[in-house]
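# Structural overview
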Amino acid sequence: LFLDPNTLGGLMSMAAASFLAFAAHARRRTHILLWLLAAGVAAAAMVVTFSRGSWIAFVLVLPIVGLTAPPDRRRAILTGLVAVVVAGVLVAPGVVVSRVQSAFDIERDTSAATRYYMYISAVEIVRDYPVFGTGLGAFDIAYPAYQKPQALPGILKPHEIPVALVAETGLGGLAVIVALGWMLMQELRRKRGRPWTTGESAAFVGLAALLVGSLFENYLYSQYLWIIAALWVIVARMAAAGEGDT
């Protein structure tokens, strides 16, 4: 069902964050509890994958859950989320804390070093193939010639999607990234001063989790990212047109 545990962890971080957004907007106590339960199950599945990228993505998008919550709940939800994160750090097993810390230790952690040096190699590929790139799906074919000795030899798939997409497709990939960024900014600009609907918040939080995760994991051809991006645009346009919550 999934390429590897990292992919599953990324999808679970997206699901857990989106479920929290649904809970933040729910008005009935029963619905709040059900969404929180769903978020807890997804978060537990994310934790057991031991995917550091998905853990980091989940924590980084939690403030967005609070900022896109109903105005009358934002302060309470942001305070609660901060308390949960602090409590999680305090009670988390040492192996979890050490694993998160190792995500940035390129001197001793071979996985972290592989991601870091793969970034450098991907930039070098872009430099040598700036117009058309290596071709779709050809990153792992071109990469060995650029691989650094500090990177694990068996890891060939890209783990730095914004750079890897340009490495494979050249100017076309760059245009896609620019277009996606422009779309995000335009949609945010259109809703300035208007409260977030449930659908907007859940879709945007899920998209943010996947975008952050794409800096760590192999999401290059993940249809989930593009589906969630499209869903967010749809619900944002529906809300802007006054079609109510979604």
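Residues numbered from 1 in each chain as written. Predicted model: local features only at pLDDT ≥ 70, side-chain atom pairs only at ≥ 80, totals over all residues. Heavy atoms only, no water.

### What about the packing of aromatic side chains?
As a reminder of what qualifies: Classification of ring pairs uses Phe, Tyr and Trp, with its six-membered ring standing for Trp, and accepts pairs whose centres are within 6.5 Å; under 30 degrees between planes counts as stacked, over 60 as edge-to-face, and the remaining range as tilted. Per-residue accessibility, obtained with a 1.4 Å probe over protein chains only, is compared with the maximum for each type, and a residue is labelled buried under 20%, exposed over 50%, and partly exposed between these values. The helix and strand labels rest on DSSP assignments: H or I over at least four residues marks a helix, E over at least two residues marks a strand, and numbering proceeds from the N terminus.
Inspection of every chain in the model, using the stated rule, returns seven aromatic pairs. Aromatic pair Y116 and Y117: ring centres 4.9 Å apart, planes at 80°, arrangement edge-to-face. A relative accessible area of 40% places Y116 in the partly exposed class. A relative accessible area of 15% means that Y117 is categorised as buried. Here the aromatic rings of F204 and W232 are separated by 4.8 Å at their centres, their planes lie at 35°, and the arrangement is tilted. Of this pair, F204 sits in helix α10 (residues 198-213) while W232 sits in helix α11 (residues 223-240), and the two are 28 residues apart along the sequence. Taken together through their ring pairs, the aromatic side chains of F19, F22 and W35 make up a single cluster.

### Section: the nonpolar core
Threshold: Among buried residues, the Ala, Val, Leu, Ile, Met, Phe, Trp, Tyr and Cys ones that are joined through side-chain atoms within 4.5 Å form a nonpolar core. Contacts: residue pairs with any heavy atoms within 4.5 Å of one another.
Formed by 43 residues in total, the largest nonpolar core has its most connected members in F58, V61, M183, V205, L207 and W232. Of all the secondary structure elements, the ones that give two or more residues to this core are α1 (5-25), α2 (29-48), α3 (52-67), α4 (74-91), α9 (171-190), α10 and α11. In terms of residue count, α10 provides more of this core than any other element does, nine residues in total. Those residues in contact with V205, other than ones at most four positions away along the chain, are A17, S18, A21, V61, I64, V65 and T68. In this structure, Y117, A122, Y146 and A151 belong to the second largest nonpolar core, which totals 11 residues.

### So, the pattern of salt bridges
Where charged atoms from two side chains of opposite charge approach closely, those side chains can pair. Here is the rule we go by: Salt bridges, as used here, are contacts in which a Lys or Arg side-chain nitrogen is within 4 Å of a carboxyl oxygen on Asp or Glu.
Under the counting rule described, the total for this entry stands at five salt bridges. A salt bridge links D128 to R127; the nearest nitrogen and oxygen atoms lie 3.1 Å apart. Among the residues examined, D128 registers a relative accessible area of 36% and is labelled partly exposed. Between D140 and K157 there is a salt bridge, with the nearest N and O atoms lying 3.3 Å from each other. Placement of the pair is D140 in helix α7 (residues 139-142) and K157 in the loop between α7 and α8 (161-169), with a sequence separation of 17 residues.

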